[in-house]
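# Per-entry structural report
For reference, the chains in residue letters:
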Amino acid sequence: MEQKKPLVVVTRKLPEAVETRMRELFDVRFNASDKPMTKEELAEAMRTADVLVPTVTDRIDSGLIAQAGDQMKLIANFGNGVDNIDVTSALRRGITVTNTPGVLTDDTADMTMALILSVARRIVEGGAAIPSGEWPGWSPTWMLGHRITGKKLGIVGMGRIGQALAKRAKAFGLEIHYHNRRRVSAALEAELGATYWDSLDQMLARMDIVSVNCPHTPATYHLLSARRLKYLRPEAIVVNTARGEIIDENALTRMLEAGELAGAGLDVFEHEPAVSPRLLKLAKAGKVTLLPHMGSATNEGRLDMGEKVIVNVKTFMDGHRPPDRVLPSML
Ligand code: 8YV
């Protein structure tokens, strides 16, 4: 007799190839409209499904987890960051949580480099000047940016993405500095040519470019607080491809408006998908580059993420520990 396939609810539209493979393996409910599910729709999924596959746009909080039926056993996040999920509540309820680490490292590091270059070399601003007809023709003093070679890059969070960024930045001739919960090995520091700063405050005060690459957890919420941002030099630029909540966006915006910072490149926002009108105004003035959470947005990356989700669900359903299990102690 054929075994009953687990019911898997996927909250957003995934690449065709991923959905096809999931259809072969599981009893799946997809979201063809791709419209984020409402709280009630998510609660209904928690009450009926064996597995939920959410994304960064779904808040799986303790209230939702409390409504889960006894059959709900796995939340297999389509994404690396799990700040959208109350992992502790899930575990207490006997629900395993997995994510998709590793497969979006290079793409996110590439996008971070792109933001650094974009802000320093005014790429978005210059690119817009041609279609708008504002290009006056070449001039020795028009649209000048800043050289990045030789500048100091401070990486906040030296995990997988931080390290991938350091490798790229080193190749661009940047001097690598970092702050991390734990110092990385001496061998890795030597390979990256990276200088460790125990004090984030001290590092911030000396950098030309600061990149946020740590996960969003209760400990990193507003890690770049109004107080800390004040340490930055007025020539400094800040880039963030991690999570908006790690920077006090209001304080950052105020400093950019006041000319206390040279610029910013943001791929993530504190109240995503809302972007503050003040940031939009700064973007129009060419002070900031804003991207719509595209750090991991490659076809290859999305297929790899889908593959990870499938392996996690299949392994779990076969009665084994899924490879990308997330525990509260890892956060
Ligand atoms: C993902 C991300 O696309 O994986 C992450 O942590 O930030 C994104 O790049 C998103 O989370 C999908 O859920």
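Residues numbered from 1 in each chain as written. Predicted model: local features only at pLDDT ≥ 70, side-chain atom pairs only at ≥ 80, totals over all residues. Heavy atoms only, no water.

## A short note on the side chain of His 216
Keep this limit in mind: Strands are runs of DSSP state E lasting at least 2 residues, helices are runs of H or I lasting at least 4, and numbering of each runs from the N terminus. Pairing of N or O atoms within 3.5 Å defines a polar contact, subject to two protein rules: one partner must be a possible hydrogen donor and the other a possible acceptor, and residues neighboring in sequence count only if both atoms are side-chain atoms. We call two residues in contact whenever any of their non-hydrogen atoms come within 4.5 Å of each other.
Within the fold, His 216 resides in the loop between strand 9 (209-212) and helix 10 (226-229). A polar contact of 2.8 Å, which involves the side chain of His 216, links it to the side chain of Asp 83. Apart from residues no more than four positions distant in its own chain, His 216 is found in contact with Asp 83, Tyr 221, Arg 243, Glu 245 and Ile 246.

## So, the nonpolar core
General note: in soluble globular proteins, nonpolar side chains tend to be found buried as a group. Defined as follows: Throughout this description, the term nonpolar core refers to a set of buried Ala, Val, Leu, Ile, Met, Phe, Trp, Tyr and Cys residues connected via side-chain atoms within 4.5 Å. Throughout this description, buried means an accessible area under 20% of the type-specific maximum (1.4 Å probe, protein chains only), exposed means over 50%, and partly exposed covers the range between.
Residues Leu 224, Leu 229, Leu 232, Leu 252 and Leu 261 are the most contacted members of the largest nonpolar core, which totals 29 residues. Elements that contribute at least two residues to this core include exactly helix 9 (200-204), strand 9, helix 11 (249-257), strand 11 (263-266) and helix 12 (277-284). Per element, the largest residue contribution to this core is four residues, and it comes from helix 11. Beyond its immediate stretch of four places on either side in the chain, Leu 232 contacts Leu 204, Val 210, Val 238 and Leu 261.

## Overview of the domain arrangement of the protein chain
The condition is simple: All the domain ranges listed were derived from an automatic or database domain assignment. The term buried area denotes the loss of accessible surface (1.4 Å probe radius) that occurs when two parts are joined, taken as the sum for both partners. A pairing counts as a salt bridge when a side-chain nitrogen of Lys or Arg comes within 4 Å of a carboxyl oxygen of Asp or Glu. Side-chain classes follow a simple rule in which Ala, Val, Leu, Ile, Met, Phe, Trp, Tyr, Cys and Pro form the nonpolar group, Asp, Glu, Lys and Arg form the charged group, and the remainder, Gly included, forms the polar group.
Taken domain by domain, the protein chain holds domain 1 (7-103 + 299-330) and domain 2 (105-290). Taking only C-alpha atoms into account, the centre of domain 1 sits 31 Å from that of domain 2. On the side of domain 2, six residues touch domain 1, which itself brings nine residues to the contact. At the boundary of domain 1 with domain 2, total buried surface from both sides reaches about 580 Å², with 32% on carbon and sulfur atoms. Taken as a group, Val 56, Asp 83 and Gly 102 account for 56% of the area that domain 1 buries against domain 2, more than any other trio of residues on that side. For the pair domain 1 and domain 2, the interface holds one salt bridge. Here Asp 83 ties to Arg 243 by a salt bridge, and the two come within 3.2 Å at their closest N and O atoms. For the pair domain 1 and domain 2, the number of links is three residue pairs in polar contact (both at pLDDT 80 or more). Residues belonging to the side of domain 1 that touches domain 2 are distributed by class as follows: four nonpolar, four polar and one charged.

## Quick look at the pairing of strand 7 (residues 175-179)
Where we set the bar: For two strands to be treated as a pair, DSSP must find at least two bridges joining them. Note on handedness: a clockwise path from strand one over the helix to strand two, with the strands aimed away from the viewer, defines a right-handed crossover.
The element strand 7 is extensively covered by neighbouring structure, given that four of its five residues are classed as buried. As paired strands, strand 6 (residues 152-156) and strand 7 are joined by five bridges and run parallel to one another. From the neighbouring strand, Leu 153 faces strand 7, where its bridge partner is Ile 176. Of the crossover connections in this fold, the one passing from strand 6 over helix 7 (residues 160-171) to the parallel strand 7 is right-handed. As paired elements, strand 7 and strand 8 (residues 194-196) share three bridges and run parallel to each other. Bridge pairing links His 177 to Thr 195 in strand 8.

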